[in-house]
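Survey of secondary and tertiary structure
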Amino acid sequence: MALAIALTASAHAQTPTPGPITLPAGTIPQTATPGQSQIVAGKHALAAKQFTEAKTIFVAELKLHPENIEAKLGLADSELGLQQYEAAELQYRQVVAAQPELWQAHKNLVIVEAALGRWEEFDRERTILRMARQRDAPGISARESDVIDSFTLHGDRWIVREYFEPVGRSQTRYNFEHFAPTGHAAEYISLESADAAKAVTPGGAVAIGDQAKQPTPSTAFALNWYTGKAHGTIATYSHKEPAYEQVRTDVQKWLRRTP
């Protein structure tokens with residue numbers, strides 16, 4: 001299962017939806033000097049999702065140049081693609097220690113920590129990214145969105161995207177998406193403003209989960225499920241935004257009960 005960082009967005013009537021997932025080649029440059037030929041070869045292997053070949057290339061490069069940050073990043077990306085999360089974490093940690101503002105490595109660490117279930121580290125990396133956006137650090141934007149997690153239930157793979165600034169008419173914060181074989185989103189679950197979602201959803205809120213209640217003035221967020229033909233509210237949250245870990249638990253609990 002190849003994890004992804006860079007996604008393209010497509011519009012939906014209620015909330016924006018990300019497109020098919022591909023693993024990026026970190027920040028390895030598009031062009032290279034003669035001394036970077038191995039880096040370029042590794043980048044091409046990553047782009048082709050040939051993660052084992054890419055890893056072999058970057059390991060060989062690091063034997064010759066142990067401090068090469070581009071090679072370490074490429075190796076980490078290869079290991080992420082191979083789901084070798086512990087090894088990928090080690091390489092990404094070395095990268096951010098040498099270049100603390102290499103934001104793509106921090107973003108990839110968020111995915112790695114989610115895969116490992118290390119939620120304190122997961123939240124720590126997200127805090128680093130949030131603070132960078134809040135101070136308008138170069139190389140990162142508050143208008144970006146990040147893939148932060150991935151899991152499989154009932155044989156379906158779900159990708160989770162976080163929007164730093166709530167987006168769309170429903171003011172979405174998280175999208176959990178299941179893609180059809182065609183690459184289009186078959187269904188998705190969004191944490192969004194309860195009032196905004198109710199205002200733009202045909203028929204208003206429809207409770208489909210045990211934790212769903214009709215939104216009240218004190219309801220801050222709703223966890224809503226959508227397909228092209230149906231929608232419903234899985235859960236509502238009062239007063240403030242719930243922690244991502246809580247939202248993830250509620251999504252998975254509902255999915256396990258759904259055929």
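This structure is a prediction, so every number in the text was calculated from the model and none was measured.

Scoring rules and cut-offs
- Residues numbered from 1 in each chain as written.
- Predicted model: local features only at pLDDT ≥ 70, side-chain atom pairs only at ≥ 80, totals over all residues.
- Heavy atoms only, no water.
- Helix = DSSP H or I, 4+ residues; strand = E, 2+ residues; numbered from the N terminus.
- Buried < 20%, exposed > 50% of the residue type's maximum accessible area, 1.4 Å probe, protein only.
- Contact = heavy atoms within 4.5 Å.
- Core = buried A, V, L, I, M, F, W, Y, C linked by side-chain atoms within 4.5 Å.
- Expected span 1.5 Å × (residues − 1).
- Arc of directions from axis to C-beta.

Digging into the overall build of the chain
When helices and strands are tallied, the chain shows eight helices and nine strands. Scored against the burial criterion, the 259 residues of the chain give a buried share of 50%. In the chain, the proportion of contacts linking residues at least 24 apart, taken out of those at least 6 apart, comes to 52%.

Quick look at the nonpolar core
Grouped together as the largest cluster of nonpolar side chains are 28 residues, with contacts concentrated most on Phe151, Phe176, Ile189, Leu223, Val251 and Leu255. Top element by residues in this core is helix α8 (residues 244-257). It accounts for five residues. Ignoring any residue separated from it by four or fewer positions in sequence, one finds Phe151 in contact with Asp156, Arg157, Trp158, Val160, Phe176, Arg248, Val251, Gln252 and Leu255. Ile69, Ala76, Ile111 and Val112 belong to the second-largest nonpolar core, a separate cluster that totals 17 residues.

Observations regarding the environment of Arg143
The topology assignment puts Arg143 in the loop between α6 (119-134) and β3 (145-153). By relative accessible area, which is 73% here, Arg143 ends up exposed.

Quick look at α6
Across its 16 residues, α6 extends 22 Å between first and last C-alpha, which sits within 8% of the 22 Å expected from 1.5 Å per residue. Among the residues of α6, those classed as buried are Phe122, Glu125, Arg126, Leu129, Ala132 and Arg133. Here the buried residues of α6 occupy an arc of 120° about the axis, which is enough to place them on one side. More than 90 degrees from the buried face of α6, the exposed residues found are Glu120 and Gln134. Lining the buried residues of α6 we find α4 (85-98), α5 (103-116), β3, β4 (156-167), β5 (172-179) and α8. Asp136 lies just past α6 and shows a positive phi near 55°.

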